[in-house]
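# Topology and contacts: notes
As a plain string of letters, each chain reads:
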Amino acid sequence: MAIMASASTGQAVPVAVAVAVAAVVVVSTWLWKTVARLVWRPYVVAAAFRKQGITGPAYRLYVGSDGEANAMRAAGRGETLDARCHDIVPRFIPTKTNVRRWELEKKVRGTLMAMIRERQADAKEGGARDLLGLMLEANDGGGATRLTMDEIVDECKTFFFAGHESTAHLLTWSIFLLGTKPQWQDRLRDEVLRECAGDSLPDADSLSKLKLMTMVIYETLRLYGAVSQMARMVTADTELAGVRIPKGTMTLIPVAILHREVEVWGEDAGEFNPLRFRDGVNKAAAHAGALLAFSLGQRSCIGQDFAMLEAKATLAMILRRFTFEVSPEYVHAPLDFITLQPQCGLPVVLKLLN
Ligand code: HEM
C-alpha cells in the first residue's frame with residue numbers, strides 16, 4: 001500500500017519511514033528503560049553491596065524480594081507478645097489488594113473534593129484563611145508556584161493522614177504504657193493536678209510545665225513511634241559509614257530497630273524508662289539525634305510541636321478525670337500497617353476519679 005501511495009503522491013514513503021523510525025525509537029527507549037529498571041539497576045545495586053560483604057535474598061525479576069517479605073509479614077501477623085515485652089520489630093505489615101486500595105483512594109478523593117468545593121463556595125463569601133484556603137489561592141494563581149487540584153488533594157491527604165493517624169496512635173500507646181505502669185500514671189496525674197487544675201482546657205503555659213508527661217511521651221515515641229521505618233531513595237552515589245551506596249538504591253531507615261540499640265540507648269534500651277529524657281531529648285542517648293520519631297532535618301515532621309501539644313492536652317484531660325488500666329482482654333500484637341497500631345485494638349477499663 002505504501003509503495004502504491006508513493007507512486008501517486010511522491011511523499012508517503014518518507015512519512016511512513018519517519019513514522020516507523022519514530023516508533024522504533026519510542027519502543028526501544030521504553031524497552032531499554034524497562035530492562036534498566038527491572039534487570040540492570042537491581043543487579044548493579046546488589047553486586048555493589050555484595051562486593052562489600054552485604055548480601056540478602058537474590059533479586060527475582062519484577063517481584064524482587066516481595067516473596068520473602070510477604071512470608072515474613074504473614075508469619076509476624078499471627079504472633080502475640082507478652083504485654084511487658086516491647087520488642088515489636090519482628091512483626092510486619094499485612095498486604096491489601098490493589099483493588100481495595102483503588103476503591104479507598106476514590107472514596108478519600110471524593111470526600112476531600114466535597115470539602116474543597118464547600119470551601120471554594122465559602123471563599124467567594126470571604127471564608128476562613130487557613131491552610132486549605134492558602135492552597136486554593138495558589139490554585140487560582142499562575143506561574144511555577146501554582147498548585148493543581150490534584151496537588152491540593154494530595155497535600156490534604158498528607159496532612160489528614162500524617163496529622164490524625166500518628167497522633168491518635170501516640171495517644172493509644174501512651175494509654176497502653178500508662179495503663180500497664182500504674183506508678184507512672186499516678187506520677188503524671190499528680191503533675192497534671194498540680195499544673196493544670198480545674199475544669200478548663202489546659203493552656204500552652206500550663207502544658208509547658210508538664211515535664212514528666214513530656215518524658216513519658218518521648219519514651220512512648222521511642223518504643224511505639226507511629227513511623228517505624230522511613231524510605232529514602234539514594235539520588236547520587238554516596239558513602240555511609242564506610243559502605244558505598246550506589247545511586248538508585250532504595251534505603252529503609254529502621255527507626256524501631258535504631259530506637260532499641262543498646263549501644264545508643266544503654267543497657268535498658270528495651271525497657272520503659274521515661275527518666276532517660278530528664279535532661280531533654282538531645283541528651284537521652286549516646287547520640288543527640290537518636291530519637292527519630294519525627295525524623296530529622298529538612299523533611300522532619302512539620303506538625304511535631306502541634307502533635308506534642310495535642311497529646312499533652314488530651315492526656316492531661318484524661319488523667320484529671322479518670323484512672324485507667326489495660327483490660328485483661330488486650331492482646332499485645334503491635335502491627336506496623338503504615339503506622340504502628342495495636343492489631344486488635346486497646347480495650348481499657350476506665351474509672352471516674354472521686
Ligand atoms: C505523634 C505524631 C506524629 C508523628 C510520630 C509524626 C512523624 C512524622 C515523620 C517520622 C515524618 C517524616 C516521614 C518521612 O520523611 O518519611 C513526618 C512528616 C510529616 N508530618 Fe508528621 N508526625 C506526627 C504528627 C503530625 C501532625 C499533627 C501533622 C500535621 C498537622 C503532621 C504532618 C506531617 C507532614 C505534612 C509531613 C511531611 C513533611 C515533609 O515531607 O516535608 N505530622 N511526620
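Residues numbered from 1 in each chain as written. Predicted model: local features only at pLDDT ≥ 70, side-chain atom pairs only at ≥ 80, totals over all residues.

What follows covers the overall build of the chain. In terms of regular secondary structure, the chain is built from 12 helices and eight strands. Radius of gyration (C-alpha) of the chain: 27 Å, far over the 20 Å computed for a compact globule of 354 residues. Overall, the C-alpha framework of the chain stretches about 100 × 65 × 40 Å when taken along its three principal axes. Out of the 354 residues belonging to the chain, those deemed buried represent 18%. Of the contacts made within the chain by residues no fewer than 6 positions apart, 61% connect residues no fewer than 24 positions apart. (Helix = DSSP H or I, 4+ residues; strand = E, 2+ residues; numbered from the N terminus. Rg over C-alpha atoms; globule rule 2.2 N^0.38 Å. Buried ≥ 20, exposed ≤ 12 C-beta atoms within 10 Å, placed from the backbone. Contact = placed C-beta atoms within 7 Å.)

Taken together, 20 residues lie near the ligand, and A162, G163, S166, C301 and G303 sit nearest. Those elements that provide at least two residues to the shell around the ligand are α6 (149-180) and α12 (304-321). Here the shell around the ligand takes seven residues from α6, the largest share from any one element. Taken together, the residues of the shell around the ligand break down into 12 nonpolar, seven polar and one charged. (Near = placed C-beta within 6 Å. Nonpolar A, V, L, I, M, F, W, Y, C, P; charged D, E, K, R; others polar.)

Mapped onto the elements, M115 comes out in helix α4 (residues 98-124). Overall, the presence of 13 C-beta atoms within 10 Å leaves M115 in the partly exposed class.

Right, let's get into the packing of helix α5 (residues 131-140) against α6. As a packed pair, α5 and α6 sit with axes 10 Å apart at the nearest point and diverge in direction by 165 degrees. Considered as vectors, α5 and α6 are oriented roughly antiparallel to each other. The chirality of how α5 crosses α6 is right-handed. Note on element contacts: α6 touches α5 through M149, I152, E155 and C156, opposite L132, M135, L136 and N139. Here the contact of α5 with α6 is composed, by residue class, of six nonpolar, one polar and one charged. (Axes fitted to C-alpha atoms, helices over the stretch in contact; angles between N-to-C directions. Parallel < 35°, antiparallel > 145°, perpendicular 65-115°, else oblique. Left-handed = near helix turned anticlockwise from the far one by under 90°.)

Looking at the assigned domains, one finds that the chain contains domain 1 (1-55) and domain 2 (168-354). In this structure, domain 1 and domain 2 have C-alpha centres spaced 51 Å apart. Counting residues at the interface gives six residues for domain 1, matched by five residues for domain 2. In the side of domain 1 that touches domain 2, the residues fall into four nonpolar, one polar and one charged. (Domains from an automatic or database assignment.)

What follows concerns the UniProt feature "binding site: heme" (unreviewed entry) in the chain. Cross-referencing UniProt, the feature "binding site: heme" (unreviewed entry) maps to C301 in the present numbering. As for its position among the elements, C301 is in the loop between α11 (262-265) and α12. C301 gets classed as partly exposed once you count the C-beta atoms within 10 Å, which come to 17. (UniProt positions renumbered as here; feature names shortened; annotations may be inferred.)

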